[in-house]
Protein chains: 2
Amino acid sequence: MVRTPLTPLERERGRHLGLLLRQARGERSMAEVAAAAGISAETLRKIETGRAPTPAFFTVAALAGALGLALDQVAARCAEITEVPEEEAPAAA
Amino acid sequence: MVRTPLTPLERERGRHLGLLLRQARGERSMAEVAAAAGISAETLRKIETGRAPTPAFFTVAALAGALGLALDQVAARCAEITEVPEEEAPAAA
DNA sequence: TCTTATACCGGTATTAGTATCACGTCCATG
DNA sequence: CATGGACGTGATACTAATACCGGTATAAGA
């Protein structure tokens, strides 16, 4: 295999990142924040719901800027994710 | 077109990001830094040379961690890139 | 000279991010 | 009830990131 598929840990980290961004968005609409960050609302939705677990650096940077978040804080919070919840870690994988 | 191809500005920004990382790497070898960041040396090389202009967020975060860089500083430096050098901006594009 | 290490480059393979479209749900408002 | 907005989900299209391979170049050392 050439490009390693995302590990469950990476997916969990992406889910965490999505939650962070969603919390920071607060009451603002997805469309508004997405427009402010210069990305599509669909992409923001995928990131927030964890369906795009490893978005591009500049995408996250633009979102952090639009949401008033510090990138280092975001990265630190995501780096805390070091294990996958058992409910989310199927034994078959 | 569905996924917008990278604009010349995005490529220029990626080139800038690569230079930042290379400077921060200093005398250390690519293999060493790549291993410290948990990525392949090939990927690090592509990022440093600007051939992968929009790397994943966690990839940059891991590199910044391995290099002792602050993500906000990196993003801010890259955000300064708002125009493409004329030599690099073909009129045909 | 030969070997080794480092880095650059091209190609190739595979997965993932980004964007658009369509449809469905929920909720508030008319 | 109808309508619209916001969010969710799935499919589809296309580009890009990541990784591995082989080849090349250069510099240092035996």
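Conventions used here
Residues numbered from 1 in each chain as written. Chains lettered and ligands numbered in written order. Predicted model: local features only at pLDDT ≥ 70, side-chain atom pairs only at ≥ 80, totals over all residues. Axes fitted to C-alpha atoms, helices over the stretch in contact; angles between N-to-C directions. Helix = DSSP H or I, 4+ residues; strand = E, 2+ residues; numbered from the N terminus. Parallel < 35°, antiparallel > 145°, perpendicular 65-115°, else oblique. Contact = placed C-beta atoms within 7 Å. Nonpolar A, V, L, I, M, F, W, Y, C, P; charged D, E, K, R; others polar. Core = buried A, V, L, I, M, F, W, Y, C linked by C-beta atoms within 7 Å. Buried ≥ 20, exposed ≤ 12 C-beta atoms within 10 Å, placed from the backbone. Near = placed C-beta within 6 Å. Arc of directions from axis to C-beta.

(A) Main features of the packing of helix H2 (residues 30-37) of chain B against helix H3 (residues 41-48) of chain B. Residue and element names in this part refer to chain B. Remark: H2 packs on H3, axes separated minimally by 8 Å, with the N-to-C direction vectors making an angle of 105°. Compared by their axis directions, H2 and H3 come out roughly perpendicular. From H2, Met30, Ala31, Val33 and Ala34 reach across to H3, where they touch Ala41, Leu44 and Arg45.

(B) View of the interface of chain A and chain B. Taken together, the contacts link 12 residues of chain A with 12 residues of chain B. If you tally residues by element for the side of chain A that touches chain B, the top one is helix H4 (residues 57-67) of chain A, at 4 residues. Among the residues making up the side of chain A that touches chain B, the classes are represented as 9 nonpolar, 1 polar and 2 charged.

(C) Summary view of the nonpolar core. Grouped together as the largest cluster of nonpolar side chains are 34 residues, with contacts concentrated most on Val60, Ala61 and Leu71 of chain A together with Val60, Ala61 and Leu71 of chain B. Excluding anything up to four places from it in sequence, Ala61 of chain B contacts Ala75 of chain A together with Leu71 of chain B.

(D) Spatial organisation of the protein's contact with DNA strand C. Around DNA strand C, the surrounding shell holds 25 residues, and the nearest of these are Arg3, Glu42, Thr43 and Thr59 of chain A together with Arg3 of chain B. Secondary-structure elements contributing two or more residues to the surface near DNA strand C are helix H3 (41-48) of chain A together with H2 of chain B. For the surface near DNA strand C, the element with the most residues is H3 of chain A, which contributes 4 residues. Partitioning the surface near DNA strand C into residue classes produces 13 nonpolar, 7 polar and 5 charged.

(E) Looking closely at H2 of chain B. All names here are of chain B. Of all the residues in H2, the buried ones are Val33, Ala34 and Ala37. The arc that holds every buried residue of H2, seen down its axis, measures 100°, which confines them to one face. Contacts made by the buried residues of H2 are with helix H1 (8-25), H3 and helix H4 (57-67). Looking one or two residues past H2, Gly38 carries a phi angle of roughly 80°, positive in sign.

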